[in-house]
Amino acid sequence: MELDKSLVSGSMPLLVLKLLEGGDLYGYQMIEELRKRSEDAFRLKAGTLYPLLHGLEEKGLVTAQERRAENGKTRRYYHLTDRGRDALREKEDAWNTYARAVGRVLKGGVSLA
Amino acid sequence: MRDYGTIQGYLETVMEQIRWKRARPVVARELEQHLTDQRDAFVREGKPRDEAERLAVEDMGDPVEVGAALDAIHRPRPQWGLLGLTLVLALAGAVLRAVFCEISGGVNAGHIAVPARALASLGLGTAALLGMYFLDVSRLVRHARAVYIGALAAGLLTLFHFPHVGNCAYYTRYVVLFYPVAYALALYRFRGKGWKGFLLAVLSGVPLAAVCCLAPSMTGLLILLFSGLALTLCAAGGDWFGVGRWKGACAALAVPAVLLTGLISRGYLNSFRQRLAIALHPEMDPLNKGYLGGMLQSFWQDVPPLRQYGSVGAAVHAGARVRIYTDSAGMPGNTMPHYYSSDFLPASMAVLWGWLPLLLMLAALAVLLVWLLVKGLRQSCLPGRLVVLAVVVTLAVQTLLAAALNFGFVLFSAGLPLVVGNLQTVVDLALIGLALSVFRGASIAREEPEKPLRQRKRLRIRVEYQ
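I will try to describe carefully the structure that is included in this document. (Residues numbered from 1 in each chain as written. Chains lettered and ligands numbered in written order. Predicted model: local features only at pLDDT ≥ 70, side-chain atom pairs only at ≥ 80, totals over all residues. Heavy atoms only, no water.)

**Describing the layout of surface pockets**
Residues and elements named next belong to chain B.
Inference 1: Considering only enclosed or pocket space, the second largest pocket measures out at about 1400 Å³ in volume.
Inference 2: The wall of the second largest pocket is formed by 36 residues, among which Leu221, Leu222, Leu225, Leu259 and Leu263 lie closest to the centre.
Inference 3: Only helix H11 (194-203), helix H12 (205-214), helix H13 (218-237), helix H14 (245-265), helix H15 (268-280) and helix H20 (382-406) provide two or more residues apiece to the lining of the second largest pocket.
Inference 4: In terms of residue class, the lining of the second largest pocket is built from 30 nonpolar, 5 polar and 1 charged. (1 Å grid on protein atoms, 1.4 Å probe; cavity = no way out; pocket = protein on both sides within 12 Å on 5 of 7 lines; lining within 4 Å. Points joined across faces, edges and corners; volume = space filled by probe spheres on them. Helix = DSSP H or I, 4+ residues; strand = E, 2+ residues; numbered from the N terminus. Nonpolar A, V, L, I, M, F, W, Y, C, P; charged D, E, K, R; others polar.)

As structure tokens, then:
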């Protein structure tokens with residue numbers, strides 16, 4: 001089942017920050033990792049990812065450094081900063097609150113009690 | 001019609017959406033890396049190369065939308081606040097130099113900042129500030145070795161082929177103010193080179209320090225030592241050498257410790273202690289050279305916060321006193337001035353107008369330096385951070401030494417940045433412009449990847465026995 005894009009786009013910064021929590025990654029790795037971890041549910045377009053990453057870098061949530069990848073080619077690795085880690089916690093909390101609320105509504109319907 | 005099906009065509013369309021030309025190659029490089037990775041992945045899946053490239057481009061998304069999104073992020077960051085504060089201070093400095101030229105009676109015009117010179121230095125300095133502001137610092141970083149050699153060559157050239165004033169290489173004193181920045185860029189060359197890189201980084205400061213000693217410019221040497229320590233610590237903090245943060249920091253601190261131990265063992269500590277004691281108590285100087293310091297310290301005893309408008313007589317009287325003349329021996333006996341030293345312009349200003357205007361000027365200078373430092377330390381790109389740190393330390397040491405000098409603690413000669421000295425103002429404005437260009441181009445600042453260490457070639461001789 002194809003996911004509604006609007007459902008995904010709002011949570012992209014959270015997902016990207018979460019991926020970087022596990023270690024430094026470059027753009028292509030992030031897309032692949034996201035696809036694997038979501039079991040093919042999230043197929044992020046690279047054209048969406050890079051403006052997002054550059055925006056996060058601008059806000060100081062991630063830093064980037066060019067390094068040589070295992071294949072010997074130069075790649076731009078992104079690293080989660082301390083500010084980024086704090087932002088991730090906040091976004092996780094907000095997401096969990098939102099998900100619980102949506103879940104309650106979907107399960108229980110309207111309560112007139 | 002452009003072919004979006006190729007990587008080149010796609011990148012050209014994305015780049016056309018980005019208005020800041022300097023950002024284009026930086027952004028294109030990363031997108032190209034991604035597209036080639038994706039294309040190679042499709043090729044590995046068994047797709048023909050042309051189709052793989054087309055699919056990789058399709059996977060990337062609409063190039064116009066992508067370009068527009070990147071354009072919104074990658075814009076130059078104008079530094080209006082810092083530019084404004086710097087220019088206001090420089091303008092105030094130029095006016096002060098012109099005013100105090102008038103007060104001092106225009107004696108010996110060869111050494112006094114005449115109004116025309118002050119205005120010319122302001123114009124030239126503004127041009128230097130803006131020239132550096134629009135400069136692409138990443139180019140300097142890429143050509144760090146050339147910058148270092150150029151700075152060293154300029155120092156040697158002015159040292160041996162330009163006029164000396166009072167046994168001092170006049171222009172070398174100003175060239176050495178660029179040395180901390182040259183050293184900051186030189187540090188970039190030693191990234192990831194381990195202890196060998198650290199040692200080379202320390203040694204690369206030696207030729208620069210030698211030029212300072214030959215000039216001689218003790219202020220320049222002090223600035224270089226302090227900035228060298230700050231820069232090496234900052235680089236070690238970012239594990240620039242790849243030896244570990246703490247080990248790098250300890251090694252950076254060990255260098256001045258070794259240097260100090262060497263100086264103490266050679267008996268320099270006693271002479272410095274003596275010099276410091278005389279700076280604090282100029283009347284104790286056995287050679288009677290403490291006249292200048294004593295006179296300056298006595299000034300401050302009756303300087304009011306603000307001299308009242310109308311007490312012109314007092315001001316004129318004070319104005320006469322603020323003509324701080326020194327002769328080569330600093331002796332009080334010779335009442336005829338040999339030259340008026342503009343280094344004492346801040347003290348002159350305080351005596352004439354009260355200490356509050358001077359305090360305001362020093363506060364504005366402190367705000368500028370702290371603003372530069374805070375912004376500089378926030379830079380994610382280490383070379384940019386190092387360049388800003390070099391500029392701030394240069395200006396801060398100048399300020400501290402100038403303040404000490406003007407309060408009568410005569411240790412080293414130094415002019416207050418942006419206020420004292422025409423040529424020094426031009427140099428200081430150029431340095432500030434360089435720091436501002438780092439902030440302006442922060443969104444596209446990139447650290448070059450480490451170069452792999454060269455493989456050692458080993459000659460293997462195989463002896464075969466038959």
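Past the structure itself, the notes keep going.
**Observations concerning the interface of chain A and chain B**
Interfaces are often sized by the amount of accessible area the parts lose when they come together.
Inference 1: Counting residues at the interface gives 23 residues for chain A and 31 residues for chain B.
Inference 2: Surface buried jointly by chain A and chain B totals about 2300 Å² across both partners, of which 49% is contributed by carbon and sulfur atoms.
Inference 3: Among the residues of chain A in contact with chain B, Tyr28, His54 and Glu66 of chain A are the three that bury the most area, contributing 27% of the side total.
Inference 4: Inspection of the chain A/chain B interface yields 5 salt bridges.
Inference 5: Between Arg76 of chain A and Glu30 of chain B there is a salt bridge, with the nearest N and O atoms lying 3.8 Å from each other.
Inference 6: Looking at the side of chain A that touches chain B, the elements that each hand over two or more residues are helix H3 (27-37), helix H4 (46-58), strand S2 (62-68) and strand S3 (74-80) of chain A.
Inference 7: Here the side of chain A that touches chain B gets 8 residues from one element, more than from any other, and that element is H4 of chain A.
Inference 8: Among the residues making up the side of chain A that touches chain B, the classes are represented as 7 nonpolar, 7 polar and 9 charged. (Contact = heavy atoms within 4.5 Å. Buried area = accessible area lost by both parts, 1.4 Å probe. Salt bridge = Lys/Arg side-chain N within 4 Å of Asp/Glu carboxyl O.)

**What to know about the environment of Ala87 of chain A**
All names here are of chain A.
Inference 1: Locating Ala87 in the fold gives a position in helix H5 (residues 82-108).
Inference 2: Residue Ala87 is classed as buried on the basis of its relative accessible area, which comes to 15%.
Inference 3: Along the primary structure Ala87 and Pro13 are separated by 74 residues, whereas in three dimensions their C-alpha atoms are 9.7 Å apart.
Inference 4: Among all residues touching Ala87, those that are not within four sequence positions of it are Leu17 and Leu61. (Buried < 20%, exposed > 50% of the residue type's maximum accessible area, 1.4 Å probe, protein only.)

**Some words on unusual backbone geometry**
Inference 1: For the peptide bond that leads from Ala215 of chain B to Pro216 of chain B, omega is -20°, which places it in the cis range.
Inference 2: With respect to the helices, strands and loops of the structure, Pro216 of chain B is situated in the loop between H12 and H13.
Inference 3: The backbone of Asp40 of chain A shows a phi angle near 70°, a positive value even though the residue is not glycine.
Inference 4: Among the secondary structure elements, Asp40 of chain A is positioned in the loop between H3 and H4.
Inference 5: Even without glycine at this site, Leu418 of chain B takes up a positive phi of about 70°.
Inference 6: Here Leu418 of chain B lies in the loop between H20 and helix H21 (422-440).
Inference 7: Among the residues examined, Leu418 of chain B registers a relative accessible area of 0% and is labelled buried.

**With respect to the packing of helix H19 (residues 355-377) of chain B against H21 of chain B**
Residues and elements named next belong to chain B.
Inference 1: Running from N to C, H19 and H21 cross one another at 35°; their axes reach a closest spacing of 10 Å. Both H19 and H21 take part in a crossing whose hand is left-handed. Contact residues: Leu368, Leu372, Lys375 and Gly376 in H19; Ile432, Ala435, Leu436 and Phe439 in H21.
Inference 2: The class makeup of the residues in the contact of H19 with H21 is 6 nonpolar, 1 polar and 1 charged. (Axes fitted to C-alpha atoms, helices over the stretch in contact; angles between N-to-C directions. Left-handed = near helix turned anticlockwise from the far one by under 90°.)

**Comments concerning a nonpolar patch on the surface**
Residue and element names in this part refer to chain B.
Inference 1: A contiguous nonpolar surface patch, about 620 Å² in accessible area, is contributed by Leu225, Leu259, Leu260, Leu263, Ile264, Tyr268 and Leu269.
Inference 2: If you list the elements that add at least two residues to the nonpolar patch, you get H14 and H15.
Inference 3: The leading source of residues in the nonpolar patch is H14, at 4 residues.
Inference 4: You can see Leu260 is positioned in helix H14. (Patch = residues over 30% accessible without salt bridge, like charges linked within 9 Å, V, L, I, M, F, W, Y side chains within 5 Å. Areas by Shrake-Rupley, 256 points an atom, 1.4 Å probe, with all protein chains shown as cover.)

**Thoughts on the packing of H3 of chain A against helix H2 (residues 23-44) of chain B**
Inference 1: Running from amino to carboxyl end, H3 of chain A crosses H2 of chain B at an angle of 50°, the nearest separation of the two axes being 9 Å. Taken as axis vectors, H3 of chain A and H2 of chain B run oblique relative to one another. Mapping the contact onto sequence places Gly27, Tyr28 and Ile31 of chain A in H3 of chain A and His34, Asp37, Gln38 and Ala41 of chain B in H2 of chain B.
Inference 2: Split into classes, the residues belonging to the contact of H3 of chain A with H2 of chain B amount to 3 nonpolar, 3 polar and 1 charged. (Parallel < 35°, antiparallel > 145°, perpendicular 65-115°, else oblique.)

**Overview of the side chain of Asp343 of chain B**
All names here are of chain B.
Inference 1: Positionally, Asp343 belongs in the loop between strand S4 (339-340) and helix H18 (345-353).
Inference 2: Nearest to the buried, unbridged Asp343 among oppositely charged side chains is Arg173, at 5.9 Å.
Inference 3: Sequence-distant contacts of Asp343, that is, excluding residues within four places in its chain, are made with Leu405, Asn406, Ser413, Ala414, Gly415 and Val420. (Lys, Arg positive; Asp, Glu negative; His and termini not counted.)

**Structural notes on the pattern of salt bridges**
Residue and element names in this part refer to chain A.
Inference 1: Enumeration over the complete set of coordinates arrives at 21 salt bridges over all chains.
Inference 2: As a salt-bridge pair, Glu21 and Arg89 come within 2.6 Å of each other at their nearest N and O atoms. A residue pair is termed long-range when its members are at least 10 positions apart, and Glu21 in helix H2 (residues 12-21) and Arg89 in helix H5 qualify at 68 residues.
Inference 3: The class for Glu21 is partly exposed, based on a relative accessible area of 26%.
Inference 4: Look at Arg89 and you get partly exposed, because its relative accessible area is 36%.

**Focus on a negative patch on the surface**
Inference 1: A cluster of acidic residues, Asp82, Asp86, Glu90 and Asp93 of chain A, forms a negative patch on the protein surface.
Inference 2: Checked against the element boundaries, Asp93 of chain A lands in helix H5. (Charge placed at Lys NZ, Arg CZ, Asp CG, Glu CD.)

**Side note on the environment of Cys234 of chain B**
Residues and elements named next belong to chain B.
Inference 1: Examined against the element boundaries, Cys234 turns out to sit in helix H13.
Inference 2: For the pair Cys234 and Arg385, spaced 151 residues apart in sequence, the C-alpha separation works out to 8.6 Å.
Inference 3: Those residues in contact with Cys234 that sit more than four places away from it in its chain are Leu382, Arg385, Leu386 and Leu389.

**What about the packing of aromatic side chains?**
Between two aromatic rings, the relevant description is the distance of the centres plus the angle of the planes.
Inference 1: The tally for this structure, following the rule as stated, stands at 9 aromatic pairs over all chains.
Inference 2: A centroid spacing of 5.6 Å and a plane angle of 45° characterise the contact between Trp95 of chain A and Tyr98 of chain A, whose relative ring orientation is tilted. Here the residue Trp95 of chain A and the residue Tyr98 of chain A both occupy positions in helix H5, the gap between them amounting to 3 residues, near one helical turn.
Inference 3: Judged by relative accessible area, which is 39%, Trp95 of chain A ranks as partly exposed.
Inference 4: The interplanar angle of 80° and the centroid separation of 5.9 Å between the aromatic rings of Trp195 of chain B and Phe198 of chain B together place this pair among those described as edge-to-face. Of this pair, Trp195 of chain B and Phe198 of chain B both sit in helix H11, 3 residues apart, which is roughly one turn of that helix.
Inference 5: The exposure class assigned to Trp195 of chain B is partly exposed, which follows from its relative accessible area of 44%.
Inference 6: Judged by its relative accessible area of 7%, Phe198 of chain B is buried.
Inference 7: Grouped by ring-pair contacts, the aromatic residues Phe162, Tyr170, Tyr171 and Tyr174 of chain B constitute a single cluster.
Inference 8: Over the aromatic face of Tyr77 of chain A sits the side chain of Arg67 of chain A, whose NZ or CZ is 4.7 Å from the ring centroid.
Inference 9: The lysine or arginine in question, Arg440 of chain B, covers the ring of Tyr133 of chain B, its NZ or CZ lying 5.4 Å from the ring centre. (Phe/Tyr/Trp six-rings, centres within 6.5 Å; stacked < 30°, edge-to-face > 60°. Lys NZ or Arg CZ within 6 Å of the ring centre and 35° of its normal.)

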